[in-house]
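# Coordinate inspection notes
As a plain string of letters, each chain reads:
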Amino acid sequence: MIQSDLDLFGPSPQRLAAQTVLLPGFVLPQVETLLDDLRPILRAAPFRHMRTPGGQAMAVALTNCGSLGWVSDQQGYRYSTHDPLTQQPWPALPESFLQVARNAAETAGFDDFTPDACLINHYLADTKLSLHQDHDENDFAHPIVSISLGLPAVFLFGGMQRKDPTQRIALNHGDVLVWGGEDRLRFHGVMPVKPGTHPRMGARRINLTLRRAG
Ligand code: MD6
Ligand code: FE
């Protein structure tokens with residue numbers, strides 16, 4: 001096809017593992033809507049550095065929206081209906097987040113995804129996220145939809161055990177990563193974010209992960 005190298009509709013989905021799909025640029029048309037809906041969430045529930053159960057402040061700053069939010073403190077990792085900072089319920093999950101998550105999940109082959117939690121991570125230059133598994137959710141049958149905004153990152157995508165080799169995956173502004181099924185408990189992390197300035201987002205990376213936690 002004559003136009004094939006023009007990539008008019010953006011690059012196509014890439015299957016990274018049996019049930020893991022990268023959707024490059026999937027949310028680019030919705031970025032402004034997502035940012036408009038993010039602003040009031042951040043006013044009500046600002047980014048903060050939570051402490052690991054071991055007492056260390058996390059490098060990534062985070063907050064949540066949805067009926068459940070992921071929290072970490074001396075008691076451990078868990079989902080909570082309320083923001084420990086404000087004692088208020090987490091801000092509601094905007095319809096735009098829900099729609100994008102549902103569409104991305106469906107494109108990746110997961111029907112009827114209805115998230116109830118969105119973890120919002122904030123990275124500055126040099127911030128990294130150590131290798132971990134997402135296992136605080138109730139039912140691992142539901143996928144996770146991860147939306148990247150701002151500075152690019154290198155995502156480490158490992159196996160079922162911490163020691164397993166990792167693939168390095170570039171995550172750029174507007175990309176969506178969907179994973180579930182047999183890949184749901186793979187170890188993963190984020191390499192230190194390279195300093196830079198994104199034309200829309202500035203000197204930061206923001207990642208939204210939508211989950212069904214409860
Ligand atoms: C991040 N993401 O990209 C961190 N977890 O900033 C995650 O930890 C993650 O992207 C589960 C599924 C997808 C993810
Ligand atoms: Fe994770």
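A short tour of the structure in this document, coming up. (Residues numbered from 1 in each chain as written. Chains lettered and ligands numbered in written order. Predicted model: local features only at pLDDT ≥ 70, side-chain atom pairs only at ≥ 80, totals over all residues. Heavy atoms only, no water.)

## With respect to the pairing of strand β5 (residues 76-80)
For clarity, the threshold we go by: For two strands to be treated as a pair, DSSP must find at least two bridges joining them. Helix numbers and strand numbers start at the N terminus; a helix is a DSSP run of H or I with at least 4 residues, a strand a run of E with at least 2.
Both strand β4 (residues 69-73) and β5 contribute to a ladder of five bridges, which runs antiparallel. When the bridges of β5 are listed, Trp70 appears paired with Tyr79. Hairpin connection from β4 to β5: two residues lie between these consecutive antiparallel strands.

## Some details on the nonpolar core
Operational definition: Side-chain atoms within 4.5 Å are what join buried Ala, Val, Leu, Ile, Met, Phe, Trp, Tyr and Cys residues into a set we call a nonpolar core. Only protein chains enter the accessibility calculation, which uses a 1.4 Å probe; a residue is then buried when its area is under 20% of its type maximum, exposed when over 50%, and partly exposed in between. Any two residues whose heavy atoms approach within 4.5 Å are treated as being in contact.
Residues Phe97, Val145, Ile147 and Leu210 are the most contacted members of the largest nonpolar core, which totals 30 residues. Listed by contribution, the elements that provide at least two residues to this core are β2 (20-23), α1 (31-44), α2 (95-107), β6 (117-123), β8 (144-150), β11 (176-179) and β13 (205-211). The element best represented in this core is α2, accounting for six residues. Discounting residues that sit within four places of it in the chain, Ile147 has contacts with Val27, Val100, Asp175, Val176, Ile206, Asn207, Leu208 and Leu210. Counting 17 residues, the second largest nonpolar core, distinct from the first, contains Leu16, Val60, Ile169 and Leu171.

## Quick look at the site of ligand 1
Note the cut-off: Residues are counted as near a molecule or strand when any one of their heavy atoms sits within 4 Å of it. Whenever two N or O atoms come within 3.5 Å, that pair is a polar contact, provided that in protein one can donate a hydrogen and the other can accept it, and provided that, for residues adjacent in sequence, both atoms are side-chain atoms. Where accessible areas are quoted, they stem from the Shrake-Rupley method and a 1.4 Å probe; at the residue level, only the protein chains shown are allowed to cover.
For ligand 1, the set of nearby residues contains 13 residues, the closest of which are Tyr123, Asp134, Ser146, His188 and Arg205. Within the side chain of Asn207, an N or O atom sits 3.3 Å from an oxygen atom of ligand 1. Summarising the interface, the protein chains cover 99% of the accessible area of ligand 1, which totals 340 Å² for the free molecule. Those elements that place two or more of their residues in the shell around ligand 1 are β7 (129-132), β8, β12 (188-190) and β13. For the shell around ligand 1, the element with the highest residue contribution is β13, accounting for three residues.

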